[in-house]
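Residue-level structural notes
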Amino acid sequence: VSRETEDRLRSALQARTATMGEHTLTTQAPQYPTTLVRQRQPLLPRWAWALAAVAVVASIVAGVLLGAHSSSTAKENAAKLPPAVTQTFDSTKVQIAVTSLSLRGKLIHLELTAKNLGVEGDPSWSPGTRFGKSSDYDLSGVYLTASDGSRLTPTPVSEDECLCTSTISIYLKAQASTTLSVNFTAPSKVPSKVDVNVPQLQLFPDVPISK
Amino acid sequence: MTRLRRRVTGGYARPTPPPDPPTAQRVVSNLFAQHRVGLTRLALLLVDDEATAQDVVQEAFLGLYRHWQQLSDPASALDYLRSAVLNISRSVLRRRRTARAYVPRHESPARSAESLAMMRAEHREVLVALQAIGERQREVLVLRYWAGLSEAQIANATGLSAGAVKSTASRGLVALERRLQAAGGGSVAPAQLEPR
């Protein structure tokens, strides 16, 4: 770019504005508005926020009452669950734990997890009929015992089936785990805690029932 | 205005001090008295129409006043005003282009006979060429060769990086020179000088 172009541009711009001066401007200082800044309006008035907060709390309470989600008592009970037990079945070490015992409507729902503690290369493990009653491939042999000695057995759904996990196709490779569940019909007066009896395993004592 | 708004600080959660209209009005009025001619000249070079240029400057000052409380640094109010003038001018040109697409061409406010007579043919030629180059290039050239701003100041006003300012100015000058060469140094008819 030649220096001449720059000079021509400079002088043309000066010439264009040369005629404009204080005397040629017709405008005066702007008429300022009375308010400086357009204040942002809050999204909702305070009473609406308060109402929303009350609604949220009510929703939480209703959710707990209806069983949609657990209350703090349920969380406390979860912390009181017995420790997992390790049992050897045919040279395979398996860890069984009670992960949940809760009242769901008219049923008491028990959840167990089983984990094959073997190392890679060890054979798979299957619960098979170990937890079933009379060689059934399910958890029909599991039962609960209340402090008064009453026994709760799995809820039957037919003559030889219970409302529980079928174990016929469960094979756990080394380090694999699965969840097993079984349901019991809740008595009219639900005890606060029960002993969980699983065949071929030691007792899980005083397991609290979350409501 | 968009850039001006972007530059101002403040937010929903941040408590702002109570407005002080008399102080802001006094300061902004002083700035108006001090810089309105310069800023109007800047706007004139961008929008090429005196009345519109004055409107642009009015709007810039009004915007500054409205957002005075939110200015992060009141000392740099002139920078804000310069940016505002650029942005508002850009909006004006955009509106003109849109209007032209829908409305039949009409007699636009041309320069006064006096100003045309006072301008030499070679200046007219340069100004026509300047109006024909890119918007951003024109802004940078005006700020550099008319306002005499440094690259950093131009970058501040336009929102470009310093490197982009340099390259835009360079390309703008090349484009301007090409157009001048294409025009062949002949004089330009006043009709060609209508505002964009």
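Quick caveat: nothing in here was measured; it's all calculated off a predicted structure.

**Structural notes on unusual backbone geometry**
Of note in this structure, A:Asp206 is not a glycine but carries a positive phi near 50°. Mapping A:Asp206 onto the fold places it in strand 10 (residues 204-208). At B:Asp48, a position not held by glycine, the phi torsion is positive, near 60°. Its location among the elements puts B:Asp48 in the loop between helix 2 (21-47) and helix 3 (50-66). Residue B:Asp48 is classed as buried on the basis of its relative accessible area, which comes to 4%.

**Focus: the confidence of the model for chain A**
Parts of the prediction with low pLDDT should not have their coordinates interpreted in detail. Chain-level statistics for chain A give a pLDDT mean of 84 and a share of 86% at 70 or above. Highest mean pLDDT in chain A belongs to strand 4 (residues 143-145) of chain A (93); lowest belongs to helix 3 (residues 72-79) of chain A (66).

**Quick word on the pairing of strand 9 (residues 193-197) of chain A**
Residue and element names in this part refer to chain A. Relative to strand 9, strand 4 is paired through three bridges, and the arrangement is antiparallel. Note that in strand 9 the partner of Thr145 across the bridge is Asp195. Judged from the three bridges that link them, strand 9 and strand 10 form a sheet pairing that is antiparallel. Directly across from Val196, in strand 10, lies its bridge partner Phe204. Taking the residues between adjacent antiparallel strands as the criterion, strand 9 and strand 10 are bridged by six residues, where Gln200 takes a positive phi near 70°.

**Some details on the sheet that holds strand 4 of chain A**
Residues and elements named next belong to chain A. Strand order in the open sheet formed by four strands is 5-4-9-10, and the pairing between neighbours is antiparallel. On the outer flanks of this sheet lie strand 5 (151-152) and strand 10, each paired with one strand and no other. Bridge count for strand 4 against strand 5 is two bridges, and the pairing is antiparallel. Paired with Thr145 across the strands is Arg151, a residue of strand 5.

**Points about the pattern of salt bridges**
For the structure on display, the rule yields nine salt bridges over all chains. Salt-bridge contacts for A:Arg10 lead to A:Asp7; the nearest nitrogen and oxygen are separated by 3.4 Å. Taken together, the positions of A:Arg10 and A:Asp7, both in helix 1 (residues 3-18) and three residues apart, correspond to about one turn of that helix. The exposure class assigned to A:Asp7 is partly exposed, which follows from its relative accessible area of 37%. A salt bridge links B:Arg97 to B:Glu135; the nearest nitrogen and oxygen atoms lie 3.3 Å apart.

**Observations regarding the packing of helix 1 of chain A against helix 9 (residues 162-183) of chain B**
Any two packed helices are characterised by the angle at which their axes cross and by the distance between the axes. Orientation of helix 1 of chain A relative to helix 9 of chain B, taken along the N-to-C sense of each, is 90°, at an axis distance of 10 Å. When the interaxial angle is binned, helix 1 of chain A and helix 9 of chain B end up roughly perpendicular. Seen from helix 1 of chain A, the contacting residues are A:Thr5, A:Glu6, A:Arg8 and A:Leu9; seen from helix 9 of chain B, they are B:Leu173, B:Leu176, B:Glu177 and B:Leu180. Among the residues forming the contact of helix 1 of chain A with helix 9 of chain B, the class breakdown is four nonpolar, one polar and three charged.

**Some words on the packing of helix 1 of chain A against helix 6 (residues 121-132) of chain B**
The contact between helix 1 of chain A and helix 6 of chain B brings their axes to 9 Å, and the two run at 100°. Between helix 1 of chain A and helix 6 of chain B, the interaxial angle falls into the category roughly perpendicular. Residues A:Arg8, A:Leu9, A:Ser11, A:Ala12, A:Leu13, A:Ala15 and A:Arg16 of helix 1 of chain A form the contact with helix 6 of chain B, whose own contacting residues are B:Glu122, B:His123, B:Glu125, B:Val126, B:Leu127 and B:Leu130. Split into classes, the residues belonging to the contact of helix 1 of chain A with helix 6 of chain B amount to seven nonpolar, two polar and four charged.

**Some details on the side chain of B:Gln137**
Residue and element names in this part refer to chain B. Note that Gln137 resides in helix 7 (residues 135-146). Judged by relative accessible area, Gln137 falls into the buried class, the value being 19%. Leaving out residues up to four positions away in the same chain, Gln137 has contacts with Thr168, Arg171, Gly172 and Ala175.

**Focus on the state of the cysteines**
The term disulfide refers to a covalent linkage connecting the sulfur atoms of a pair of cysteines. Residues and elements named next belong to chain A. Within this structure, the stated rule accounts for one disulfide over all chains. Two residues, Cys162 and Cys164, share a disulfide whose sulfurs are 1.9 Å apart. Residues Cys162 and Cys164 are joined through a disulfide that is right-handed, its torsion about the S-S bond being 75°. We classify Cys162 as buried; its relative accessible area is 11%.

**Comments concerning the nonpolar core**
Judged by nonpolar contacts, the single largest core of 54 residues is most densely connected at A:Leu9, A:Leu13, B:Leu64 and B:Leu130. Listed by contribution, the elements that provide at least two residues to this core are helix 1 of chain A together with helix 2, helix 3, helix 4 (77-102), helix 6, helix 7, helix 8 (151-158) and helix 9 of chain B. One finds A:Ala146, A:Cys162, A:Leu201 and A:Ile209 within the second-largest nonpolar core, a separate group that totals 34 residues.

**Let's talk about the sheet that holds strand 8 (residues 177-185) of chain A**
Residue and element names in this part refer to chain A. Sheet architecture is open: four strands sit in the order 1-2-3-8, paired in antiparallel fashion. Of all strands in the sheet, those with a lone pairing partner are strand 1 (85-89) and strand 8, marking the two edges. When strand polarity is set aside, the average angle formed by the axes of neighbouring strands in this sheet is 30°. Relative to strand 8, strand 3 (residues 107-116) runs antiparallel, the two being bridged by nine bridges. By the bridge assignment, Ile108 is partnered in strand 8 with Phe184.

Calculation criteria
Residues numbered from 1 in each chain as written. Chains lettered and ligands numbered in written order. Predicted model: local features only at pLDDT ≥ 70, side-chain atom pairs only at ≥ 80, totals over all residues. Heavy atoms only, no water. Helix = DSSP H or I, 4+ residues; strand = E, 2+ residues; numbered from the N terminus. Buried < 20%, exposed > 50% of the residue type's maximum accessible area, 1.4 Å probe, protein only. pLDDT = per-residue confidence, 0-100. Pairing = 2+ DSSP bridges. Salt bridge = Lys/Arg side-chain N within 4 Å of Asp/Glu carboxyl O. Axes fitted to C-alpha atoms, helices over the stretch in contact; angles between N-to-C directions. Parallel < 35°, antiparallel > 145°, perpendicular 65-115°, else oblique. Contact = heavy atoms within 4.5 Å. Nonpolar A, V, L, I, M, F, W, Y, C, P; charged D, E, K, R; others polar. Disulfide = S-S within 2.5 Å. Core = buried A, V, L, I, M, F, W, Y, C linked by side-chain atoms within 4.5 Å.

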